[in-house]
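Report on the structure
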Amino acid sequence: MANSGSLKSTIAVSLTNYLDAGAIVAGASGLTLWQNYLGLSEVHLGWLNFISANCLGAAVGAIIGGFLADKYGRKFIFTYNLLVYMTGVLLIMLSVNFPMLLCGFLVTGISVGVGVPASWTYISESSENNNRGRNICISQMSWGIGPMVILLLGMLFAPGGYLFGWVESVASLFGSNLPEHVVNVFSSRIVFFSLFVVAFIAWNLQRQLQESTEFKADEPKASLTENIKVLFKNNIAVKTVCFLATIYLTWNLVASVMGFFQPHIYETAGGVTNEQANWMNFIQWAIIVSVTFCTSKIIDKTSHKGIYIFGLVAALLAWFVIVTIGVNGKVGLWAFAILWGIQGGASPQIFYALWGSELFPAKFRAGAQGLMFFIVRGLSALWGLVFTYIYGENGEGFTIAAYCMIALLLISLIVGVIFAPKTRGRSLEAITKERYGDNY
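Residues numbered from 1 in each chain as written. Predicted model: local features only at pLDDT ≥ 70, side-chain atom pairs only at ≥ 80, totals over all residues. Heavy atoms only, no water.

**Considerations on the environment of Phe50**
By secondary structure assignment, the location of Phe50 is in helix H3 (residues 42-51). Judged by relative accessible area, which is 11%, Phe50 ranks as buried. Sequence separation between Phe50 and Phe105 is 55 residues, and the spatial gap between their C-alpha atoms is 9.5 Å. (Helix = DSSP H or I, 4+ residues; strand = E, 2+ residues; numbered from the N terminus. Buried < 20%, exposed > 50% of the residue type's maximum accessible area, 1.4 Å probe, protein only.)

**Overview of the nonpolar core**
Among the nonpolar cores identified, the biggest contains 135 residues, and Trp319, Trp340, Trp355 and Phe360 are the most heavily contacted of them. With 15 residues, helix H13 (residues 235-268) is the largest single contributor of residues to this core. Not counting residues within four places of it along the chain, the set of residues in contact with Trp355 comprises Phe243, Leu244, Ile247, His304, Tyr308, Ala420, Pro421 and Thr423. (Core = buried A, V, L, I, M, F, W, Y, C linked by side-chain atoms within 4.5 Å. Contact = heavy atoms within 4.5 Å.)

**As for the pattern of salt bridges**
Applying the stated rule across the entire model yields six salt bridges. The partner of Glu125 in a salt bridge is Arg365, with the nearest N and O atoms 2.7 Å apart. Of this pair, Glu125 sits in helix H6 (residues 98-125) while Arg365 is found in helix H18 (residues 365-391), placing the two residues 240 residues apart along the sequence. With respect to class, Glu125 is no different from Arg365; both count as buried. Glu214 is the partner of Arg365 in a salt bridge, and the nearest nitrogen-oxygen pair spans 3.1 Å. Linking Arg365 in helix H18 with Glu214 in helix H11 (residues 213-217), this pair joins segments that are 151 residues apart in sequence. No difference in accessibility class separates Arg365 from Glu214, as the two residues are buried. Connected through salt bridges with shared partners, the residues Asp70, Arg74, Glu125, Glu214 and Arg365 form a single ionic network. (Salt bridge = Lys/Arg side-chain N within 4 Å of Asp/Glu carboxyl O.)

**Description of the packing of helix H5 (residues 74-93) against helix H10 (residues 186-206)**
In the contact formed by H5 and H10, the axes pass within 9 Å of each other and the chain directions differ by 165°. By the angle class used here, H5 and H10 are roughly antiparallel. With respect to the hand of their crossing, H5 and H10 are arranged in left-handed fashion. Two secondary-structure elements touch here, H5 through Lys75, Phe78, Thr79, Leu82, Leu83, Tyr85, Met86, Val89, Leu90, Ile92 and Met93 and H10 through Arg189, Phe192, Phe193, Leu195, Phe196, Ala199, Phe200, Ala202, Trp203 and Gln206. When grouped by side-chain class, the residues that make up the contact of H5 with H10 number 17 nonpolar, two polar and two charged. (Axes fitted to C-alpha atoms, helices over the stretch in contact; angles between N-to-C directions. Parallel < 35°, antiparallel > 145°, perpendicular 65-115°, else oblique. Left-handed = near helix turned anticlockwise from the far one by under 90°. Nonpolar A, V, L, I, M, F, W, Y, C, P; charged D, E, K, R; others polar.)

**Section: a nonpolar patch on the surface**
Together, Phe193, Val197, Phe200, Ile201 and Leu205 line one region of the surface with nonpolar side chains, adding up to about 430 Å² of accessible area. The topology assignment puts Phe193 in helix H10. Phe193 sits in the partly exposed class, given a relative accessible area of 41%. (Patch = residues over 30% accessible without salt bridge, like charges linked within 9 Å, V, L, I, M, F, W, Y side chains within 5 Å. Areas by Shrake-Rupley, 256 points an atom, 1.4 Å probe, with all protein chains shown as cover.)

Here is the structure:
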């Protein structure tokens, strides 16, 4: 039975999503500043994306964190994980060379991965049957609010921004005649400091949460190895992993590139300034949050498949804009930004989070999600490296990349429409019993 008052715990746990998306966008919004400060090439940027919260770091963390959450509890993750996150952010804040920056991105990414499966699992297990979708959407709204806040801070503290004087004051503490590129990168350091503060607040809130009743009811606990074996030996579980990993992977290969490289793409392919790119990105995230809020109002009352189709059609239209109008004009660039914002409010990630926590038994619910997250973010990491070569130094390969994106989104749409489960309004216990029987 789900706990009452699930909204409060949902908000506390959703801060993990704020920190996940915030870490990705903080890296993206300051990418040019770090590039100038450390003399980084496009390949260096690809490696930062490869090991970050956007890709490999999160992938490694997820497979570890998922099975740890099933063995030691969701609260175990909430008690310790954000300490790791704060360590990673601190490394980035203090970076003076590329290896240090790379290490900071990796540690932060691992922490993000550890926290995500436990968060989605806890939200579902603590939700009432008629608001599980709403609570997952609230979690997704946090994923959108994080980038909005980080982008706003990035713009305010950026060179030429309204609060850049504060940045110069902080930089002056480390020397009075610092080169311009050294001073400028302090704006990114300050943005990461804001994530450190939010992580500290979230850690204090999350470690006060009660353990999930579903986790406590599932006794005795199997070992990590046994849970992995059970997961792979169960045909229904394996098929579910394949379904969810497919719809999430094909969408996330597109979304991960946009999450990390979008401001950079707007500047190089779109020909706008860094400030304009960040404002466009900010408005896009505002659209995502607004549409997600609308989705939260209807997701527990209407067809999941209908919302799923709506989101992917908007995504496909966004990329058709690229191959027809293009993004080197204001009309095409804004049409793309708005459509991609609309899809974000009804994206496959919402349904991956919802279905991923509904379609597995409690004993390996988080572990299964961690495995899928590992597959998705790991392959996204490789795709991020490939994308930099397709895209080119100045966006000359962007149209070819767009056709790749359209193909991936079509796969997500088709597979989702064919295999979407009917779980709306049903208890986790009933769903588990129907799918796995009494003995699982």
